[in-house]
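Here's the letter readout for the chains.
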Amino acid sequence: MDKKTSRRLLCIAMVFFWASEYCHAPYFAPYLESLGFAAQAIGVMVGAYGFTQIFARIPIGIATDAFNCYKTTILFGTISTTLSSFFLMFATEMWSILICRVMAGLAASTWLAFSVLYNAYFKDDESVTAMTNANAFNNGGKLLAFFLGILTATRWGYKVPLLCSFLTGLVAVVAVILLKPIEIKHESFSFKHALDVIKTPMIIVAALFAMLPQFYMQGTAFSFTSSKAKLLGASSFVIGIISLVFTLVQVLISPYVGKKLLKRMKSSSAVCLGLILLSLSCVSIAFANTPLLLILGNIIGGVGCLILNALLMSLIVRSVSEEKRSTAMGFYQAVYGIGMTLGPVLMGNLVGGKGYSFAYMTIAIIMAVFAIVALPVVSKAEKK
């Protein structure tokens, strides 16, 4: 199998892997509400996905680097997401749903192997392009997921998208089994190896700021924004559209962001811009009284998340040598797992206690504050 065919199979695997993770995402919170769970419990179950990644990503990254087992790690991820969605179709108790969410979190923790292996197909000075492409495949998978969700949930209800997650997961498994990975430089594990990576200033800064778009996505776009849409009387079709536009706008403008915008802007300015957009998105959703304003909010938030995720991932890749990138990516993604956990848990408590407007305005203020902080902090890390 030639290098080009193998890379194509990896691209297919990335698309269907994320489709498996997200086919049911727009409907998961409303589905849990239909099972009788309160907002606080829903926040915990949604947050378990990110909580798992806090602890799983670093050891997965270290092991993948040390044993050069990128294909094995990716295969484990595709199998985990497939099994998670399969068992979620039958889970009705909180403990069983939590187990499935942990499996999905383990699957997402293998994304570092996907991204590092894909980056290996490009030259070092093409890292921004490679990471932008990887994000495009990520978003392409989510876009496919939301299309499938809209088609099935509208006709058969919230549960059928879980079947779509299972079937798309199977496609990803087959693609991974067929691909032949290229060799990547690696070195034996040592604590010095791991500490050298973790102590790199830019990796620390990029990881901390990466918590914010993950906080936003898991706490709003992929959970409670759907719940607010349902409260406003949106149908399953409209809920799907609201989630779809969040990803669609990222797919459409991804080439421009990767090839032009991020190459022209300073990293600190780009991070600031991304966070301002997330803040504006939350303001729009906080005062939304029609689904149309929710769509507008998700479009703004989608652009902000694309800018942040593409830039921060490229900074991670550029900050360390090839043989240390899985460890770096593991640390980076483990830290942003904190945001994935805190987002839905905090939103669940705020929504349950103070309502949607208060919850979204709180997140808007948080994003605005960090936008101001980003300018000096990211600039200083770049100089180091």
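Small disclaimer: the values here were computed from a predicted structure and weren't measured. (Residues numbered from 1 in each chain as written. Predicted model: local features only at pLDDT ≥ 70, side-chain atom pairs only at ≥ 80, totals over all residues. Heavy atoms only, no water.)

*Asks:* Please set out the overall build of the protein chain residue by residue, giving values where relevant.
*Replies:* Looking only at helices and strands, the protein chain has 15 helices and 0 strands in total. In terms of C-alpha radius of gyration, the protein chain reaches 19 Å, essentially the compact-globule figure of 21 Å for 384 residues. Structurally, the protein chain occupies a C-alpha span of about 55 × 45 × 35 Å along its principal axes. Counting across all 384 residues of the protein chain, residues that qualify as buried make up 60%. Taking as baseline every contact in the protein chain between residues at least 6 positions apart, the subset at least 24 positions apart corresponds to 86%. Accessible surface, the protein chain: about 14,600 Å² in total, of which carbon and sulfur atoms supply 70%. Positive and negative side-chain charges in the protein chain, numbering 29 and 14 respectively, have mean positions lying 8 Å apart. (Helix = DSSP H or I, 4+ residues; strand = E, 2+ residues; numbered from the N terminus. Rg over C-alpha atoms; globule rule 2.2 N^0.38 Å. Buried < 20%, exposed > 50% of the residue type's maximum accessible area, 1.4 Å probe, protein only. Contact = heavy atoms within 4.5 Å. Areas by Shrake-Rupley, 256 points an atom, 1.4 Å probe, with all protein chains shown as cover. Lys, Arg positive; Asp, Glu negative; His and termini not counted. Charge placed at Lys NZ, Arg CZ, Asp CG, Glu CD.)

*Asks:* Tell me about the environment of Ala-270, and please be specific about residues and values.
*Replies:* Take Ala-270: it is sitting in helix H12 (residues 267–286). For Ala-270, a relative accessible area of 0% gives the class buried. Considering only alpha carbons, one finds Ala-270 and Ala-371, 101 residues apart in sequence, at a separation of 9.7 Å.

*Asks:* Requested: an account of the side chain of Thr-81, with residues and values cited.
*Replies:* Relative to the helices and strands, Thr-81 resides in helix H4 (residues 70–88). Here Glu-21 takes part through its side chain, which lies 2.7 Å from a polar atom of the side chain of Thr-81. Apart from residues no more than four positions distant in its own chain, Thr-81 is found in contact with Phe-17, Ser-20, Glu-21 and Ala-107. (Polar contact = N/O pair within 3.5 Å; in protein donor to acceptor, adjacent residues only side chain to side chain.)

*Asks:* Before we move on, can you summarise the packing of helix H1 (residues 3–22) against H4 with the specific residues and values?
*Replies:* The interhelical angle for the contact between H1 and H4, taken along N-to-C directions, is 30 degrees, at an axis separation of 9 Å. Relative to H4, the element H1 is oriented roughly parallel. In this structure, H1 meets H4 at a crossing whose hand is left-handed. Between H1 and H4, the contacting residues are Leu-10, Phe-17, Ser-20 and Glu-21 on the first element and Ile-74, Gly-77, Thr-78, Thr-81, Thr-82 and Ser-85 on the second. When the residues that make up the contact of H1 with H4 are grouped by side-chain class, the tally is 3 nonpolar, 6 polar and 1 charged. (Axes fitted to C-alpha atoms, helices over the stretch in contact; angles between N-to-C directions. Parallel < 35°, antiparallel > 145°, perpendicular 65-115°, else oblique. Left-handed = near helix turned anticlockwise from the far one by under 90°. Nonpolar A, V, L, I, M, F, W, Y, C, P; charged D, E, K, R; others polar.)

*Asks:* Hey, could you go over the confidence of the model for the protein chain for me, with residue numbers and the actual values?
*Replies:* Averaged over all residues, the pLDDT of the protein chain equals 88, while 96% of them reach at least 70. Within the protein chain, the element-level pLDDT minimum falls on helix H9 (residues 191–198), averaging 75, and the maximum on H4, averaging 96. (pLDDT = per-residue confidence, 0-100.)

*Asks:* Please set out the pattern of salt bridges residue by residue, giving values where relevant.
*Replies:* Under the definition given, this model contains 1 salt bridge. Note that Glu-33 and Lys-230 form a salt bridge whose closest N and O atoms lie 3.8 Å from each other. With Glu-33 in helix H2 (residues 25–34) and Lys-230 in helix H10 (residues 201–231), the pair connects residues that are 197 residues apart, well separated along the chain. (Salt bridge = Lys/Arg side-chain N within 4 Å of Asp/Glu carboxyl O.)

*Asks:* Would you mind going over helix H3 (residues 39–67) in detail, with residue names and values included?
*Replies:* With 29 residues, H3 extends 42 Å between its outermost C-alpha atoms, agreeing within 8% with the 42 Å of an ideal straight helix rising 1.5 Å per residue. Along its length, H3 reaches its greatest deviation from straightness, about 40 degrees, at Ala-56, and the proline Pro-59 lies no more than four positions downstream. Once H3 ends, the next one or two residues include Asn-68, with phi positive near 55 degrees. (Expected span 1.5 Å × (residues − 1). Bend = angle between axes of the 7 residues up to and from the residue.)

*Asks:* Tell me about the environment of Val-335, and please be specific about residues and values.
*Replies:* When you line up the elements, Val-335 lands in helix H14 (residues 325–354). Since its relative accessible area comes to 11%, Val-335 is described here as buried. Separated by 282 residues in sequence, Val-335 and Gln-53 have C-alpha atoms that sit 8.5 Å apart. Apart from residues no more than four positions distant in its own chain, Val-335 is found in contact with Ala-207, Leu-208 and Met-211.

*Asks:* Can you break down the environment of Gly-36 residue by residue, with the values?
*Replies:* Checked against the element boundaries, Gly-36 lands in the loop between H2 and H3. Separated by 277 residues in the primary sequence, Gly-36 and Met-313 place their C-alpha atoms 38 Å from one another.

*Asks:* So what's going on with the nonpolar core? Which residues, and what values?
*Replies:* Tyr-216, Leu-275 and Tyr-332 are the most contacted members of the largest nonpolar core, which totals 131 residues. If you tally residues by element for this core, the top one is H10, at 16 residues. Excluding its chain neighbours within four sequence positions, the residues that come into contact with Tyr-332 are Ala-206, Ala-207, Ala-210, Asn-309, Leu-312, Met-313 and Ile-316. (Core = buried A, V, L, I, M, F, W, Y, C linked by side-chain atoms within 4.5 Å.)

*Asks:* Requested: an account of the side chain of Asn-139, with residues and values cited.
*Replies:* For Asn-139, the location among the structural elements is in helix H7 (residues 127–156). For Asn-139, a relative accessible area of 4% gives the class buried.

*Asks:* Please give an account of unusual backbone geometry that cites residues and values.
*Replies:* In this structure, Asn-68 takes a positive phi of about 55 degrees despite not being glycine. Residue placement: Asn-68 occurs in the loop between H3 and H4.

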